[in-house]
Amino acid sequence: MNATTRNSRSTSPPRDDVIRCIENRALAFQGFDIPRSHLEPLQLVAYELGENYQHHTDWFESPSQTTAEVGGNRLTSFFVYVTAEDVTGGGTNFPMLDAPADERWCEFINCDEPWDAGVTFRPIPRNAVFWQNLKKDGTGDRATLHAGLPVTSGKKMGMNIWTRQGPLSELYRGKD
Ligand SMILES: O=C(O)CCC(=O)C(=O)O
Ligand SMILES: [Fe+2]
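Definitions and cut-offs
Residues numbered from 1 in each chain as written. Chains lettered and ligands numbered in written order. Predicted model: local features only at pLDDT ≥ 70, side-chain atom pairs only at ≥ 80, totals over all residues. Heavy atoms only, no water. Helix = DSSP H or I, 4+ residues; strand = E, 2+ residues; numbered from the N terminus. Buried < 20%, exposed > 50% of the residue type's maximum accessible area, 1.4 Å probe, protein only. Lys, Arg positive; Asp, Glu negative; His and termini not counted. Salt bridge = Lys/Arg side-chain N within 4 Å of Asp/Glu carboxyl O. Polar contact = N/O pair within 3.5 Å; in protein donor to acceptor, adjacent residues only side chain to side chain. Contact = heavy atoms within 4.5 Å. UniProt positions renumbered as here; feature names shortened; annotations may be inferred. Donors = N, O, S within 2.8 Å, 3.2 Å for Na, K, Ca; no water. Near = heavy atom within 4 Å. Areas by Shrake-Rupley, 256 points an atom, 1.4 Å probe, with all protein chains shown as cover.

1. As for the side chain of D58
Mapped onto the secondary structure, D58 falls in the loop between β3 (53-56) and β4 (74-83). The buried charged residue D58 lacks any salt bridge partner; its closest oppositely charged side chain belongs to R74, at an N-O distance of 4.9 Å. Separated by 3.1 Å, the side chains of D58 and H56 make a polar contact. A polar side-chain atom of D58 sits 2.7 Å from a polar atom in the side chain of S77. Setting aside residues no more than four positions away along its own chain, D58 makes contact with R74, S77, W131, N133, H146 and W162.

Have a look at this one:
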């Protein structure tokens, strides 16, 4: 991983009953048509003071990262805030999205930002942000550009749940 774009640390926990339960919930959320084999191994990400992940998309441009073995491109993303007690900063910013108008959203998104900053989700423990990375024609949606903003105090731990277009080979996904 390129240290200039990301300085948080990540790992994939081994698949046990708890991980399988989380996988099942992520699948159920997306309807009944996606098999488990399309899920990447879950990824935990830890951010300490000052750490961040600069603007990027979760979908790939490079054919070498979307081969049949890895299931093609990333269809959807969940980013789950696992722990974020006493964190300031550390929101997830989508600069190309328009902030919703209804004030009830302010519980979940930072309404103090300038309108041209897009939408920043607050890192609320046990909440998750879900989005679709690919357009109907299968090409990447540039509006999904996003960043993990710098953590300015405390620690944040998040979890990525990525669904590919097709099944991952056992080499990448591991045993069910
Ligand atoms: O830390 C965040 O808020 C977002 C992380 C992210 O986008 C990623 O790991 O791909
Ligand atoms: Fe991301």
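The structure having been displayed, the exposition proceeds.
2. Details of the UniProt feature "domain: Fe2OG dioxygenase" (unreviewed entry) in the protein chain
The positions that UniProt labels "domain: Fe2OG dioxygenase" (unreviewed entry) are, in the present scheme, residues 38-165. Secondary structure within residues 38-165 divides into 0% helix and 37% strand; the distance between the first and last C-alpha atoms comes to 7 Å.

3. So, the side chain of H146
Within the secondary structure, H146 sits in strand β9 (residues 146-148). The residues touching H146, leaving out its near neighbours within four places in the chain, are Q54, H55, H56, T57, D58, T92, N93, F94, P95 and W131.

4. What about the coordination of the iron ion (ligand 2)?
For the iron ion (ligand 2), the full set of protein donor atoms is H56 (NE2), D58 (OD) and H146 (NE2), at a range of 2.1 to 2.2 Å. Counting the intervening residues between successive donors of the iron ion (ligand 2) yields the motif H-x1-D-x87-H. Residue D58 is found in the loop between β3 and β4, and its partner H146 is found in strand β9; the two are separated by 88 residues along the sequence. A residue is classified by how much of its surface remains accessible, and D58, at 3% relative accessible area, is buried.

5. Here's the deal with the site of ligand 1
The local shell around ligand 1 consists of R6, Y47, Y53, H56, D58, F79, T92, H146, G148, K156, N160 and W162. Between R6 and ligand 1, the recorded distance is 3.2 Å, taken from a side-chain N or O atom to an oxygen atom. Between ligand 1 and H56 there is a distance of 3.1 Å, counted from an oxygen atom to a side-chain nitrogen or oxygen. Coverage of ligand 1 by the protein amounts to 99% of the 290 Å² it exposes when considered alone. Those elements giving two or more residues to the shell around ligand 1 turn out to be β3, β9 and β11 (156-164). Considering each element in turn, the shell around ligand 1 owes the most residues, three residues, to β11.

6. Considering the environment of N133
Within the secondary structure layout, N133 lies in the loop between β8 (128-132) and β9. Only 2.9 Å separates the side chain of N133 from the side chain of S77, close enough to count as a polar contact.

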